[in-house]
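In case you want the letters, here they are:
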Amino acid sequence: LNPEFYTLYQDNKVEYLCYTNQYLLPCIMQQPLLKHHIESEIKDSIGSYVEACFSSMKKNFDSKIIALEREIREFGRPLDEVLKMASYLEEEARLTHTRRMVAGILWKRLDEGMPLQIDASFQYVNGKNTFELTLDDLGIDNPYNTYRHKGMTPTPISNPGLDAIRAAVTPIKSPYFYRDWETIT
């Protein structure tokens, strides 16, 4: 998570740290099983904690995303696609310029019907990172396997910050379909 903001809740003298990052809520809300699991497992023991967290995160998300509303609208893709792309950029690149270059490559791959081939999505597939992946892993049949399945993952793969969201809607066009880290810095 990008814990840019958090709230401390007390319930029966137990303190709970609620991350209220502006982008976590859409990620959770697009994953009904996760949302249901969180609500049923946690809410039973701590009352309205989950509702308070969701409400706080939603309010925070709405207040932060408004700064990018015009750029998102002008970019012309739905917010859910922008958030998914931003989640890939959050995990795949660290610098703004690099994120924008990678965004240009990934949007181009989507437009051409190519697989995205994002290693970071394997955290959802089998919990492995880029350095742990094998050729067998790339063949796993899972909707988060962006080597095997074309298009975007069913949900964002992480909790993107404002920089990644802005990079998603301001991609840098290039002739590349794949990253060349020698030229993309």
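Rules behind the numbers
Residues numbered from 1 in each chain as written. Predicted model: local features only at pLDDT ≥ 70, side-chain atom pairs only at ≥ 80, totals over all residues. Heavy atoms only, no water. Helix = DSSP H or I, 4+ residues; strand = E, 2+ residues; numbered from the N terminus. Buried < 20%, exposed > 50% of the residue type's maximum accessible area, 1.4 Å probe, protein only. Salt bridge = Lys/Arg side-chain N within 4 Å of Asp/Glu carboxyl O. Axes fitted to C-alpha atoms, helices over the stretch in contact; angles between N-to-C directions. Left-handed = near helix turned anticlockwise from the far one by under 90°. Contact = heavy atoms within 4.5 Å. Nonpolar A, V, L, I, M, F, W, Y, C, P; charged D, E, K, R; others polar. Parallel < 35°, antiparallel > 145°, perpendicular 65-115°, else oblique. Core = buried A, V, L, I, M, F, W, Y, C linked by side-chain atoms within 4.5 Å. pLDDT = per-residue confidence, 0-100. Polar contact = N/O pair within 3.5 Å; in protein donor to acceptor, adjacent residues only side chain to side chain.

Colleague: Explain the environment of asparagine 159 here, please?
Modeller: Turning to its location among the elements, asparagine 159 is positioned in the loop between helix 8 (135-138) and helix 9 (162-169). Overall, the relative accessible area of 6% leaves asparagine 159 in the buried class. Counting along the chain gives 68 residues from asparagine 159 to glutamate 91, while the straight-line C-alpha distance between them is 9.1 Å.

Colleague: I'm lost on the pattern of salt bridges in this one. Help?
Modeller: Two side chains bearing opposite charge may form a pair once their charged atoms approach each other closely. Under the defined criterion, the tally for this structure stands at nine salt bridges. Between aspartate 62 and lysine 58 there is a salt bridge, with its nearest N and O atoms 2.9 Å apart. Note that aspartate 62 and lysine 58 are positioned in helix 3 (residues 49-65) at a spacing of four residues, about one turn of the helix. One salt bridge in this structure joins arginine 77 and glutamate 81, with 3.8 Å as the shortest N-O distance. Among the residues examined, arginine 77 registers a relative accessible area of 22% and is labelled partly exposed.

Colleague: Looking at this structure, I do not really get the packing of helix 5 (residues 79-92) against helix 9. What am I missing?
Modeller: How two helices sit against one another is set out by the angle between their axes and by the gap between those axes. It is the contact of helix 5 with helix 9, at a shortest axis distance of 8 Å, that shows an interaxial angle of 115°. Seen along the crossing, helix 5 lies across helix 9 with a hand that is right-handed. Of the residues in helix 9, those touching helix 5 at Val82, Leu83, Met85, Ala86, Leu89 and Glu90 are Ala164, Ile165, Ala167, Ala168 and Val169. Of the residues in the contact of helix 5 with helix 9, the class split is ten nonpolar, no polar and one charged.

Colleague: Looking at this structure, I do not really get the packing of helix 6 (residues 96-111) against helix 9. What am I missing?
Modeller: The N-to-C vectors of helix 6 and helix 9 enclose an angle of 45°; their axes lie 8 Å apart at closest approach. Put simply, helix 6 runs oblique to helix 9. In this structure, helix 6 crosses over helix 9, and the sense of that crossing is right-handed. Two secondary-structure elements touch here, helix 6 through Thr96, Arg99, Arg100, Ala103 and Trp107 and helix 9 through Asp163, Ala164, Ala167 and Ala168. Among the residues making up the contact of helix 6 with helix 9, the classes are represented as five nonpolar, one polar and three charged.

Colleague: Whenever I open this one, the nonpolar core confuses me. Can you help?
Modeller: If you look at soluble globular proteins, the nonpolar side chains tend to sit buried side by side. Grouped together as the largest cluster of nonpolar side chains are 30 residues, with contacts concentrated most on Ile72, Met85, Tyr88, Leu89, Leu106 and Ile165. Elements that contribute at least two residues to this core include exactly helix 3, helix 5, helix 6, helix 7 (122-125) and helix 9. No other element matches the six residues that helix 5 contributes to this core. Discounting residues that sit within four places of it in the chain, leucine 106 has contacts with Met85, Tyr88, Leu89, Leu116 and Ile118.

Colleague: Which parts of the structure should I look at to understand the confidence of the model for the protein chain?
Modeller: The predicted coordinates should not be examined in detail at positions where pLDDT is low. Of the residues in the protein chain, 70% have a pLDDT of 70 or more, and the chain-wide mean is 78. Predicted confidence for residues 1-35 stays below pLDDT 50, and this span has 97 contacts to residues more than four positions away or in other chains.

Colleague: Explanation requested: unusual backbone geometry in the structure shown.
Modeller: Look at glutamine 117: it is not a glycine, yet its phi comes out positive at around 55°. With respect to the element layout, glutamine 117 can be found in the loop between helix 6 and helix 7. Since its relative accessible area comes to 26%, glutamine 117 is described here as partly exposed.

Colleague: What exactly am I supposed to notice about the side chain of threonine 146 here?
Modeller: For threonine 146, the location among the structural elements is in the loop between helix 8 and helix 9. Overall, the relative accessible area of 1% leaves threonine 146 in the buried class. Of the polar contacts made by the side chain of threonine 146, one reaches the backbone nitrogen of isoleucine 118; its length is 2.7 Å. With residues near it in sequence (within four places) discarded, threonine 146 still touches Pro115, Leu116, Gln117, Ile118, Ser121 and Thr153.

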